[in-house]
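What follows is each chain in one-letter form.
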Amino acid sequence: MKNKRLIVGIIGIALGILCQILYFTGTRDTFWSAMGGGLIGAGAIHLYLGIKYNKNANYRENYDTETKDERNRYISMKAWSWSGYLFIFISAAAVVGFKLTGYDSLSQFSSYALCLLLAIYCISYFVLRRKY
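Residues numbered from 1 in each chain as written. Predicted model: local features only at pLDDT ≥ 70, side-chain atom pairs only at ≥ 80, totals over all residues. Heavy atoms only, no water.

(A) Molecular detail of the overall build of the chain. Helix and strand counts for the chain stand at 5 helices and 0 strands. For the chain, the α and β elements follow one another from N to C terminus as α-α-α-α-α. Projected onto its principal axes, the C-alpha positions of the chain cover 55 × 50 × 25 Å. Within the span of the chain, comprising 132 residues, buried residues form 14% of the whole. Accessible area of the chain: about 10,500 Å², with a carbon and sulfur share of 69%. In the chain, the 15 positive side-chain charges and the 7 negative ones have mean positions that sit 6 Å from each other. (Helix = DSSP H or I, 4+ residues; strand = E, 2+ residues; numbered from the N terminus. Buried < 20%, exposed > 50% of the residue type's maximum accessible area, 1.4 Å probe, protein only. Areas by Shrake-Rupley, 256 points an atom, 1.4 Å probe, with all protein chains shown as cover. Lys, Arg positive; Asp, Glu negative; His and termini not counted. Charge placed at Lys NZ, Arg CZ, Asp CG, Glu CD.)

Listed below in structure tokens is the structure:
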């Protein structure tokens with residue numbers, strides 16, 4: 001963790017600057033300007049937190065305890081499972097809702113997202129079942 005956040009921050013800022021350069025040279029649309037701004041902001045936050053982690057021993061100890069504590073890992077995994085369940089139900093409702101309102105392409109996109117998530121779940125389940 002010592003240098004990972006610093007490296008991620010520097011790469012994020014560099015990619016953000018590259019996106020801004022592409023926008024200002026006129027080769028890309030405004031999406032790249034917004035993406036560049038977001039990458040610069042996220043990179044700056046990662047860089048700040050990496051520096052704080054390296055310099056502040058109390059913050060480092062609290063951060064390490066927070067990330068390695070079994071209770072927090074359990075809560076994190078529970079939150080991921082709830083997110084997956086909610087995504088399944090929201091996607092299924094979106095498929096039906098978009099189809100009923102005549103937005104066939106959005107309905108199809110929602111159904112693809114739903115099927116992709118279910119396929120990833122099945123593959124993950126079979127892999128983890130063999131592993132554990």
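(B) Just the environment of W32, in detail. Take W32: it is sitting in helix 2 (residues 30–55). Judged by relative accessible area, W32 falls into the partly exposed class, the value being 31%. Sequence-wise, W32 and Q108 are 76 residues apart; in three dimensions their C-alpha atoms are separated by 27 Å.

(C) Region of interest: the packing of aromatic side chains. Applying the stated criterion to the full structure yields 7 aromatic pairs. Here the aromatic rings of F31 and W32 are separated by 5.0 Å at their centres, their planes lie at 80°, and the arrangement is edge-to-face. The cationic tip of K52 hangs over the ring face of Y59; the distance from NZ or CZ to the ring centre is 4.6 Å. Its guanidinium or amino end placed over the ring of Y53, R60 lies 5.8 Å from that ring's centre, counting from NZ or CZ. (Phe/Tyr/Trp six-rings, centres within 6.5 Å; stacked < 30°, edge-to-face > 60°. Lys NZ or Arg CZ within 6 Å of the ring centre and 35° of its normal.)

(D) Quick look at helix 1 (residues 4–24). Along its 21 residues, helix 1 runs 30 Å from first to last C-alpha, staying within 8% of the 30 Å computed at 1.5 Å per residue. Restricting attention to buried positions, one finds in helix 1 the residues R5, L6, G9, G12, G16, C19 and Q20. Viewed end-on, helix 1 has its buried residues packed into an arc of 155°, placing them on one side of the element. Exposed and oriented more than 90 degrees from the buried face of helix 1 are K4 and I10. Packed against the buried residues of helix 1 are helix 2 and helix 3 (57–68). Looking one or two places after helix 1, you find G26, whose phi comes out positive at around 85°. (Expected span 1.5 Å × (residues − 1). Arc of directions from axis to C-beta. Contact = heavy atoms within 4.5 Å.)

(E) Inspection of the state of the cysteines at higher detail. Tallied over the full model, the rule gives 0 disulfides. No disulfide involves C115; its nearest neighbouring cysteine sulfur is the one of C122, lying 11 Å away. You can call C122 partly exposed: its relative accessible area is 38%. (Disulfide = S-S within 2.5 Å.)

(F) Seen up close, the packing of helix 1 against helix 2. Between helix 1 and helix 2, the shortest axis-to-axis distance is 7 Å and the interhelical angle comes to 160°. As judged from the angle between their axes, helix 1 and helix 2 are roughly antiparallel. Judged by the twist between their axes, the crossing of helix 1 over helix 2 is left-handed. Taken together, the residues of the contact of helix 1 with helix 2 sort by class into 16 nonpolar, 12 polar and 1 charged. (Axes fitted to C-alpha atoms, helices over the stretch in contact; angles between N-to-C directions. Parallel < 35°, antiparallel > 145°, perpendicular 65-115°, else oblique. Left-handed = near helix turned anticlockwise from the far one by under 90°. Nonpolar A, V, L, I, M, F, W, Y, C, P; charged D, E, K, R; others polar.)

Any functional reading would require information beyond the geometric quantities listed.
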